[in-house]
Amino acid sequence: MNETPRRVVFEDGRVELPVERLRVEPAAGRRTGCPFHDVREMLREVGLRPTRQRLALGWLLFAKGDRHITAEMLHEEALRARFPVSLATVYNTLHQFTEVSLLREVAVDGSKTYFDTNSSEHHHFYVEGDSRLLDIPGAEVLVDKLPVTPEGYEIARIDVVVRLRRKSA
Ligand SMILES: [Zn+2]
């Protein structure tokens, strides 16, 4: 359930193409083509020790192209791949990856947090009822007016979530 779609066709015929590449930024220049080796390199680049858990979860996360995944979904994938790991470990690992910017956290509502393997600047459609996130390229959303930030703060990032629902016929 909740598999991130490989290819999305919008109602206006626009197609979101599958992204079947392994994201290994910022070590992209040193890719070897071997997912496990690449994840090891990626961890080294961000200063995380390549433990068995990080390697296995990193491989599950990044070897399938850009996607949005919850801790529960990744946990299920790990068990299906016969990698016994606790949900708590999955959570910790996802947060560690997020801290070093390998992942981006996308909080859709109070109960659901997605982790995005595409850590570049972009926004999201959220398909209500379907619990699906779709990418919107960063350049397709322009924020015209921003509020004045409270004293002593600056804007770190702007995440736009555009909620979608099916048109009633
Ligand atoms: Zn995304």
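Residues numbered from 1 in each chain as written. Predicted model: local features only at pLDDT ≥ 70, side-chain atom pairs only at ≥ 80, totals over all residues.

Colleague: How should I be thinking about unusual backbone geometry in this particular structure?
Modeller: The general pattern is negative phi for most residues beyond glycine and trans for most peptide bonds. Its identity is not glycine, yet R82 carries a phi of approximately 60 degrees, on the positive side. The topology assignment puts R82 in the loop between α3 (71-80) and α4 (87-99). Positive phi outside glycine occurs at S101, with the angle close to 65 degrees. Looking at where S101 falls in the secondary structure, it is placed in the loop between α4 and β4 (104-109). For S101, a count of 11 C-beta atoms within 10 Å translates into the label exposed. (Helix = DSSP H or I, 4+ residues; strand = E, 2+ residues; numbered from the N terminus. Buried ≥ 20, exposed ≤ 12 C-beta atoms within 10 Å, placed from the backbone.)

Colleague: What am I meant to see in the environment of L74 here?
Modeller: With respect to the element layout, L74 can be found in helix α3. With 16 residues separating them in the primary sequence, L74 and V90 have C-alpha atoms 7.3 Å apart. Setting aside residues no more than four positions away along its own chain, L74 makes contact with L57, L60, L61, I69, V90 and L94. (Contact = placed C-beta atoms within 7 Å.)

Colleague: Hey, could you run me through α3 in this one?
Modeller: Residues spaced three or four apart along an α-helix face the same direction, because each turn holds 3.6 residues. All of the buried residues along α3 are L74, H75 and A78. Relative to the axis of α3, the buried residues are bounded by an arc of 105 degrees and lie together on one face. Considering only its buried residues, α3 is in contact with α2 (52-62), β3 (68-69) and α4. Looking one or two residues beyond α3, the residue adopting positive phi is R82, at roughly 60 degrees. (Arc of directions from axis to C-beta.)

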